[in-house]
Amino acid sequence: MPLVAPLPEDHNSELIDLIQFFRGPLGVVPNSVLTMQRRPAIARAFTDLNKAVMENGGRVTSEQKRLIGYVASHAAGCRYCEAHTILAAERFGATPERLATIWEYQTSPHFSDAERAAFDFALAAACVPSAVTPEIQASLRKHWSDDEIVEIMGVIALFGFLNRWNDSMATTLEDIGVDAGSRNLAHTGWQPAKHGR
């Protein structure tokens, strides 16, 4: 049961059009954003931040950003965000092979060295305290420009906020997220846990 219940999508007429943004990457307006509506400035700022972070300004693709978010969310233990990021990665073109072998990224032929460096960074940066080492930084710099590193870090930090929000609020996972998690993450032991109905 969620700590705070989400409000209906049409609760605030000034936010209706803005929050529909999430239907593109997720197919649904997430319950987390519907809960944020209780403080419209938070819902607005979060949506604008999400748009800015997920905008593509370099070689970091929409699919890669969602996989980076997945790795960071898994490290943080947020089942809600794991399901959302894997769902969005799938919607942005992740192949079944990439989805199935994300935790074998170090050896899987479905990932490049640049992606391996980004995933290593995401895994370390999502830890509390941060586990980013000079070696991880050097590997990231070898494959990504400073601007691209800012994009990657933006994704990790965005999901750091969402991981805390959704895990602490026990946000109820929408059916589309449950389906994506069950379909793509069951082999990892994923379950909705506190985010179930």
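Further up the page is the structure itself.
Below: a short report on this structure. For clarity, every value in this text was computed on a predicted model and none was experimentally measured.

Quick look at the environment of Asp179 now. In this fold, Asp179 is placed in helix H11 (residues 175–185). Overall, the relative accessible area of 46% leaves Asp179 in the partly exposed class. Distance from Asp179 to Val33, taken between C-alpha atoms, is 20 Å for residues 146 residues apart in sequence.

Taking 1.5 Å per residue as the helical rise, helix H6 (residues 79–91) with its 13 residues ought to reach 18 Å, and the 18 Å between its terminal C-alpha atoms agrees with that figure. Counting buried residues in H6 gives 10 out of 13 residues, a clear majority hidden from the surface. Residues of H6 that are buried include every one of Tyr80, Cys81, Glu82, Ala83, His84, Thr85, Ile86, Leu87, Ala88 and Ala89, and no others. Elements that come into contact with the buried residues of H6 comprise helix H2 (23–26), helix H3 (31–36), helix H5 (62–76), helix H7 (96–100), helix H10 (146–169) and H11.

So, on to the pattern of salt bridges. A side chain with one charge may pair with a side chain of the opposite charge, provided their charged atoms come close. Enumeration according to the criterion identifies 11 salt bridges in this entry. Where Arg79 meets Glu82, a salt bridge forms, and the shortest distance between an N and an O atom there is 2.7 Å. Residue Arg79 and its partner Glu82 are both found in helix H6; the two are separated by three residues, about one turn of the helix. We classify Glu82 as buried; its relative accessible area is 1%. A salt bridge links Asp146 to Arg141, with the nearest nitrogen and oxygen atoms 3.1 Å apart.

How each quantity is defined
Residues numbered from 1 in each chain as written. Predicted model: local features only at pLDDT ≥ 70, side-chain atom pairs only at ≥ 80, totals over all residues. Heavy atoms only, no water. Helix = DSSP H or I, 4+ residues; strand = E, 2+ residues; numbered from the N terminus. Buried < 20%, exposed > 50% of the residue type's maximum accessible area, 1.4 Å probe, protein only. Expected span 1.5 Å × (residues − 1). Contact = heavy atoms within 4.5 Å. Salt bridge = Lys/Arg side-chain N within 4 Å of Asp/Glu carboxyl O.

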